[in-house]
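# Overview (structure and organization)
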Amino acid sequence: MSADFIDLNFRGHDRVIATALLSGADGVTLIDPGPTSCLPALETGLHGRGFALRDVRNLLLTHIHLDHAGATGTICERVPNLRVFVHERGAPHMIDPSRLLASATRLYGDRMDSLWGAFQPVPADRVTVLKGGERIELAGTLLDVLYTPGHAKHHVSYFNDQTGVAYVGDTAGVRVSGDYLIAPTPPPDIDIEAWQASLDAIDNWQPVSLFLTHFGEVTPARAHLARFRVTVRTAAEAVRDLMKTPGTEEELAHRFAEAMRKDVRRALPEREARAAELAAPFDQLWQGLARYWQKKREGHEQQ
């Protein structure tokens, strides 16, 4: 059985952000509702399936980045008794998003509102905190929960062992089209060793397919995981090597982003290449990996 999902048409582009949908007699569960700026597209997608926003009973968050979780508080305002499931390291920031928004504003500046819309706090009594290792039943579906850090310290993945679909957020990367993969590595949490361990843990589920927020269902799952392990390692090594060359931080970041733009356009048509950069802004890929290597270097110097 294929995973059902809604294309949120982020900034007018298809295949950038997908919200997974589970439905049963007790209502609708959404996995990663996306940003508030895409809420009209989410509602349109629900209506096309015979549902309304009021039919949503649960929101499962893989992690709390704005492109995945931004609409959560707004949906809570509109839907009484909605439950929000989120990892314990992300839950405090959904209840009081001030630090999260301050960090995001450093990345996006005055584009925050146009990109993401409002990020409203989630009432604490609506939040179910996850650690990883739980089995939850929602919309008539049993889902296993796995803690999957590497992309973010507050990342979890969900697995339906009846369908074989693993909902993995950003842990298995960005794939807009074809076989071209991107490792989404924004600051501040990138941890390559933890990421590889998370990929191993997802592989241990032996999933049939993976559901990527960016974008959609991928099969065969285990072949994708094997290729993405290489993608993560190659991206990290590329940034490490570039950091050894002359240039300011700004110059190196620009060179990396331009190289990415050329590479993605060798693999994808222009519209899909633009969608890939919307899903994983190339300057942020540099920032996250450069920070990772700087932290590793500082750790070695302190030993």
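Data block above holds the structure.
Residues numbered from 1 in each chain as written. Predicted model: local features only at pLDDT ≥ 70, side-chain atom pairs only at ≥ 80, totals over all residues. Heavy atoms only, no water.

## Here's the deal with the pairing of strand S7 (residues 135-138)
Taken residue by residue, a regular strand's side chains alternate between the two faces of the sheet. Here S7 shows one buried face, formed by Ile-136 and Leu-138, and one open face, formed by Arg-135 and Glu-137. The sheet contact formed by S7 and strand S8 (residues 141-147) spans four bridges and is antiparallel. Within the sheet, the bridge partner assigned to Glu-137 lies in S8 and is Leu-142. Linking S7 to S8, which pair antiparallel, is a turn of two residues; within it Ala-139 sits at a positive phi near 50 degrees. (Buried < 20%, exposed > 50% of the residue type's maximum accessible area, 1.4 Å probe, protein only. Helix = DSSP H or I, 4+ residues; strand = E, 2+ residues; numbered from the N terminus. Pairing = 2+ DSSP bridges.)

## Considering helix H5 (residues 98-108)
For H5, the set of buried residues is Leu-100, Ala-104 and Tyr-108. Considered in projection along H5, the buried side chains sweep an arc of 55 degrees and stay on one side of the axis. Residues of H5 that are exposed and point more than 90 degrees away from the buried face comprise Arg-99 and Arg-106. Downstream of H5 by one or two residues, Gly-109 has phi in the positive range, about 55 degrees. (Arc of directions from axis to C-beta.)

## Some words on the nonpolar core
If you look at the biggest cluster of nonpolar residues, it comprises 84 residues, and the most contacted ones within it are Leu-46, Ile-75, Ile-182 and Leu-210. Those residues in contact with Ile-182 that sit more than four places away from it in its chain are Gly-173, Val-174, Phe-228, Thr-231, Met-260, Ala-276, Ala-280, Phe-282 and Leu-285. Grouped together as the second largest cluster of nonpolar side chains are 19 residues, Leu-22, Ile-31, Phe-85 and Val-145 included. (Core = buried A, V, L, I, M, F, W, Y, C linked by side-chain atoms within 4.5 Å. Contact = heavy atoms within 4.5 Å.)

## Quick word on the sheet that holds S8
The strand order S7-S8-S9-S10-S11-S12 describes an open sheet built from six strands, whose pairing is mixed. Every interior strand has two partners, whereas the edge strands, S7 and strand S12 (216-218), have only one. The mean inter-strand angle of the sheet, taken between neighbouring strand axes irrespective of direction, is 30 degrees. By the bridge criterion, three bridges tie strand S9 (residues 156-160) to strand S10 (residues 165-169) in an arrangement that is antiparallel. Note on S10: the bridge partner recorded for Phe-159 is Ala-166. (Axes fitted to C-alpha atoms, helices over the stretch in contact; angles between N-to-C directions.)

## Observations concerning unusual backbone geometry
Phe-215 follows His-214 through a cis peptide bond whose omega is 10 degrees. Mapped onto the elements, Phe-215 comes out in the loop between strand S11 (209-212) and S12. Backbone torsion omega between Thr-219 and Pro-220 reads 0 degrees, so that peptide bond is classified as cis. Positionally, Pro-220 belongs in the loop between S12 and helix H8 (221-242). With a phi close to 70 degrees, Asn-81 is a non-glycine residue in the positive phi region. With respect to the secondary-structure elements, Asn-81 resides in the loop between helix H3 (72-78) and strand S5 (83-87).

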